[in-house]
Amino acid sequence: MADVDCTIIGGGIVGCAVAAELSGGGFSTVLVEMEDGLGRGTTSRNSEVSHGGMYYPTGSLKARFCVEGRRLLKAFCENAGVGYRECGKLIVATEPAEIPYLEKLLARGLDNGVEELRLIETAELRALEPQVSACAALYSPRTGILDAEGAARAWARLAGERGGQVLTAARVAGLERRSGAWTVQVAASGPGRREGWSHTSRYVVNAAGLFADRVAALAGVDIVARGWTLHLVKGNYFAVSDVHHGRVDRLVYPVPPAHGASLGVHVCLDLGGQMKLGPDVEHLDRDPRDAGFDWRVDPARRHAFWEGAHRFLPWLRPEDLEPALSGLRPKLAPTVVVSREVGDLQGLVNLVGIESPGLTSAAALAREVGRLIGEADAA
Ligand SMILES: Cc1cc2nc3c(=O)[nH]c(=O)nc-3n(C[C@H](O)[C@H](O)[C@H](O)COP(=O)(O)OP(=O)(O)OC[C@H]3O[C@@H](n4cnc5c(N)ncnc54)[C@H](O)[C@@H]3O)c2cc1C
């Protein structure tokens, strides 16, 4: 008999939500996180937006998990006392030529099930956001912001209340399937822990974020043959000076650039009302997992940020912007992977390429993992 039913690798928002879901489903669980705390990976380096779900192709996994996930995330945060504010979002057209794009996005959003999405004209836009200059906007009142790290910790707490174990400073260094169960080798990886261990587990969930491809390879998945090698793309943010605090109440996004690599530099707000711009798209010459993570934001990018945002924030000056945080998107073409393995890798569930809207989708992804493992268990 295995020591535990489920091992979850990764204590980001997704792994923590999965641990809570599986513990609630009657499985014994162990969550293993290599950092000294939870939610320290991509979960704490992003825009913290609970997205509506209008950007993603109808019927795609991203659309499905985002729309379902937003509702679940909001309800969870409200119940658990995690910071969440439905501030709303505007996608603005700065010239009439951009309006057809908003119309297309509206149609797609409605098809995806995004609630209360509508086009608004200049007068209403001016009433909502007098400091934003645009000729029309797509308004999503249900889009929100949240304390993402807080949500990860709250899900981990819930997993603990349901009998699960949550272990930090512990890195999964080996995965081997033997005699009908996985042997999980764990190495100590932080000041709070001196020794590693190994345990057996009937199921393993790979929620290792930026390292999910490498964890899958550790388990024996041929990631090259499957096209699962992650390509990390940096996203930088600039903070907007506090002299502008309160000038904008909602998230404001431009019509995305034609290259389609990002949603465009937009106005993010945190729960304290601090405004920042970002993220942009910075392609890296070397994989930071080998070359070393460099989270610094190059001040030379300031002008491009200002140029992107001053089209709809005409009062913004370049000197109002200061380099702030950065994050890494684990890109996988063409989509995200949520897969339950069979055959020699039976019992392994992989979540690979969980980029935006990964925060928003966390609870829906957790439900899906619960469903996949529940089905396997019933077979
Ligand atoms: C710039 C940027 C902006 C974004 N904005 C948004 C947004 O506004 N809204 C939204 O919904 N999404 C957004 N996202 C996406 C979102 O942040 C991620 O999809 C989400 O945080 C992924 O969570 P995760 O738990 O999968 O990964 P992570 O938070 O990275 O967690 C994975 C964890 O696994 C651990 N780990 C890795 N390997 C091992 C191992 N071998 N053993 C043990 N532990 C291991 C890591 O330490 C890490 O803590 C954004 C992403 C970026 C980069």
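Quick summary incoming for the structure in this document. Given the structure is predicted, the values throughout are model-derived calculations rather than measurements.

1. Things to note about the packing of helix α1 (residues 13-24) against helix α5 (residues 148-161)
Where α1 contacts α5, the axes come no closer than 8 Å and their chain directions differ by 25°. If you check the angle between α1 and α5, you find them roughly parallel. Read as a crossing pair, α1 and α5 show a hand that is left-handed. In this structure, α1 uses I13, C16, A17, A19, A20 and S23 to contact α5, whose residues at the interface are A148, A151, A152, W155, A156, L158 and A159. Per-class residue counts for the contact of α1 with α5 are twelve nonpolar, one polar and no charged.

2. Description of the sheet that holds strand β3 (residues 49-50)
Pairing is antiparallel in the open sheet, where three strands are placed in the order β3-β8-β4. Since the sheet does not close on itself, it has two edges, and those belong to β3 and β4 (84-85), each with one partner. Two elements, β3 and strand β8 (residues 144-146), share two bridges in a ladder whose sense is antiparallel. Each bridged residue has a counterpart across the sheet, and for V49 the counterpart in β8 is I145.

3. Some words on the pattern of salt bridges
Considering all chains together, one arrives at 31 salt bridges under this definition. Between E355 and K62 there is a salt bridge, with its nearest N and O atoms 3.1 Å apart. One end of the pair, E355, is in the loop between β20 (348-352) and α10 (358-378); the other, K62, is in helix α2 (residues 61-80), and 293 residues separate them in sequence. For K62, a relative accessible area of 18% translates into the label buried.

Here is what the cut-offs are and how they apply
- Residues numbered from 1 in each chain as written.
- Predicted model: local features only at pLDDT ≥ 70, side-chain atom pairs only at ≥ 80, totals over all residues.
- Heavy atoms only, no water.
- Axes fitted to C-alpha atoms, helices over the stretch in contact; angles between N-to-C directions.
- Helix = DSSP H or I, 4+ residues; strand = E, 2+ residues; numbered from the N terminus.
- Parallel < 35°, antiparallel > 145°, perpendicular 65-115°, else oblique.
- Left-handed = near helix turned anticlockwise from the far one by under 90°.
- Contact = heavy atoms within 4.5 Å.
- Nonpolar A, V, L, I, M, F, W, Y, C, P; charged D, E, K, R; others polar.
- Pairing = 2+ DSSP bridges.
- Salt bridge = Lys/Arg side-chain N within 4 Å of Asp/Glu carboxyl O.
- Buried < 20%, exposed > 50% of the residue type's maximum accessible area, 1.4 Å probe, protein only.

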